[in-house]
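Chain residues, written in single-letter form:
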Amino acid sequence: MEITMEKILVTRSSMPELDEYVDEIKDIFESHWLTNMGVKHNQLEEKLAEYLKVRNILLFSNGHMALELLIQAMGLTGEVITTPFTFASTTHAIVRNGLTPVFCDVNPEDYTIDVTKIEELITDRTSAILPVHVYGHLCDVEAIDSIAKKHNLKVIYDAAHTFGEEYKGRGVATFGNASIFSFHATKVFNTIEGGAVCFNSSENGLREKLYGIKNFGIWDEELIKDVGANAKMNEFQAAMGLCNLRHIDRELAKRKAVVARYNERLSGVDGIRISKEQKDVTSNYAYYPVIFEPEVFGRSRDDIYELLKVNEIYARKYFYPLTNTFDCYKGMFDMGNTPVALDLSKKVLTLPLYADLRLDQVDRICDIILGK
Ligand code: T4K
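From a predicted model like this one, the values you see are computed outputs, not experimental measurements. (Residues numbered from 1 in each chain as written. Predicted model: local features only at pLDDT ≥ 70, side-chain atom pairs only at ≥ 80, totals over all residues. Heavy atoms only, no water.)

## Details of the nonpolar core
(1) Moving on: Leu 44, Leu 48, Phe 85, Ile 118 and Phe 183 are the most contacted members of the largest nonpolar core, which has 59 residues in total.
(2) Moving on: Sorting the residues of this core by element identifies α2 (39-51), β2 (56-60), α5 (141-151), β6 (154-158), β10 (195-199), α7 (235-246), α8 (248-266) and α11 (339-347) as the ones contributing at least two each.
(3) Moving on: With sequence-adjacent residues up to four places away left out, Leu 44 is seen in contact with Leu 59, Phe 189, Thr 191, Met 233, Ala 238, Gly 241, Leu 242 and Leu 245.
(4) Moving on: Counting 28 residues, the second largest nonpolar core, distinct from the first, contains Tyr 288, Ile 313, Val 362 and Ile 365. (Core = buried A, V, L, I, M, F, W, Y, C linked by side-chain atoms within 4.5 Å. Buried < 20%, exposed > 50% of the residue type's maximum accessible area, 1.4 Å probe, protein only. Helix = DSSP H or I, 4+ residues; strand = E, 2+ residues; numbered from the N terminus. Contact = heavy atoms within 4.5 Å.)

## Examining the packing of aromatic side chains
(1) Moving on: The full count for this structure, using the stated rule, is 21 aromatic pairs.
(2) Moving on: Judged by centre distance (6.0 Å) and plane angle (80°), the ring pair of Phe 85 and Tyr 135 falls under edge-to-face. Residue Phe 85 is found in the loop between β3 (79-82) and α4 (88-95), and its partner Tyr 135 is found in the loop between β5 (126-130) and α5; the two are separated by 50 residues along the sequence.
(3) Moving on: Between Phe 85 and Phe 319, the ring centres sit 6.1 Å apart and the planes meet at 85°, which makes this aromatic pair edge-to-face. Of this pair, Phe 85 sits in the loop between β3 and α4 while Phe 319 sits in the loop between β16 (313-314) and α11, and the two are 234 residues apart along the sequence. Across the pair, exposure class does not vary: Phe 85 and Phe 319 are buried alike.
(4) Moving on: Each residue in the set Phe 85, Tyr 111, Tyr 135, Tyr 287, Tyr 318 and Phe 319 is aromatic and connected to the rest through ring pairs, giving one cluster. (Phe/Tyr/Trp six-rings, centres within 6.5 Å; stacked < 30°, edge-to-face > 60°.)

## Considerations on the packing of helix α3 (residues 63-73) against helix α6 (residues 206-213)
(1) Moving on: Between α3 and α6, whose axes approach to 10 Å, the crossing angle comes to 125°. As summarised for this structure, α3 and α6 are arranged oblique, according to the angle between their axes. In this structure, the crossing between α3 and α6 has a hand that is right-handed. On α6, the residues touching Leu 69, Leu 70, Gln 72 and Ala 73 of α3 are Leu 206, Lys 209, Leu 210 and Ile 213.
(2) Moving on: Counted by class, the contact of α3 with α6 contains 6 nonpolar, 1 polar and 1 charged residues. (Axes fitted to C-alpha atoms, helices over the stretch in contact; angles between N-to-C directions. Parallel < 35°, antiparallel > 145°, perpendicular 65-115°, else oblique. Left-handed = near helix turned anticlockwise from the far one by under 90°. Nonpolar A, V, L, I, M, F, W, Y, C, P; charged D, E, K, R; others polar.)

## Digging into the sheet that holds strand β13 (residues 272-274)
(1) Moving on: Sheet architecture is open: 3 strands sit in the order β13-β15-β17, paired in antiparallel fashion. Strands with a single pairing partner mark the edges of an open sheet, and in this sheet they are β13 and β17 (348-351). Averaged over all pairs of adjacent strands, the angle between their axes in this sheet comes to 30°, without regard to strand direction.
(2) Moving on: As defined by bridge partners, strand β15 (residues 288-292) adjoins β17 across 4 bridges and the pair is classed as antiparallel. The residue bridging Tyr 288 from the neighbouring strand is Leu 351, located in β17.
(3) Moving on: Those strands touched by α8 are β13, β15 and β17, and its axis lies near 15° from that of β15.
(4) Moving on: Lying on the sheet, α11 is in contact with β13, β15 and β17; it crosses β17 at an angle near 50°. (Pairing = 2+ DSSP bridges.)

Coordinates in, geometry out; function isn't part of it.
Below, the structure written as structure tokens:
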């Protein structure tokens, strides 16, 4: 008799009960108002601002457009210091604005930008720093803030992975000049596709500018002030967000239990490095990255990836390859400038993590990794 294995993907979207979503979208069917900053959109903005403890929030069709249009709205020029250990979106958003990404290495502790290496990359063309809170690990926001102030640079955080996190009781999106979140189906909180720009600072006219730019630059029927795009969140996306936000605390608690089980099984194993809790940070348990040191552990990241795959477990190599080695950027950047990121990208595997992942499934994954 053939035994069928249970397939486990790297993540699985959180969703409300069908009835709850149907209830939420009834108004949309009654009003025929489907998009362009409708009632659900506005309700979600209000609720998220409160949840995220941030003064300004604008919703977008996805996290990438939030970032791309934020860079445009802030009028950045020349060079932007960022990291290559991230999803394609971060680097593409800089390049698609006609700017030059300057890649800073990451630190080997939490894989965020190495703040000791930022200043040597600043030139008279640098306009901003764009660090990434990768996997939900918070960047050293205090050091970045002081470097930015000293050199009069803007700071935009790619906070795609840090929904709901806090640092010393402050919402994560209150740092820097602005931050973006992703509400993609694979994220801790999703609106199917979706994203947001958030900021606390009283950036001059930023809210109005972003509001216009995500709607073709239209300020009113006869006044088109910016070369905008279309990046509006529609009412069905917002309705999904309203439902998912009601259950976010339960979802986070379930994720926490999954992470605790992984930690229990994988900590203290020679040749395996797991993430440490960050001081003063309230985690959202977004990703579970594991670093495999092949000389010590005996097997490489790629060995484990394949081993899991034959067992129908689909972990992912987030973030390999580094963005500065992408085909589309061939010959443009030197990956030798970011040796720590390069090393990590060859050793990291993000294990399956989602609220409904059962603990016996976590055990099965760990048994396979540990050869039990
Ligand atoms: N900045 C950073 C640092 C980011 O990580 C991202 C996105 C962005 C910016 C841009 O934000 P968005 O524009 O995406 O809002 C996924 C996501 O598509 C992407 O949002 C995310 N980062 C990235 C890290 O992961 P893929 O290509 O790995 O996704 P995919 O389709 O292979 O899905 C992974 C797994 O998720 C599937 O095996 C099953 C599960 N899944 C997927 C979908 C699409 C579901 O359960 N439901 C679904 O609907 O990029």
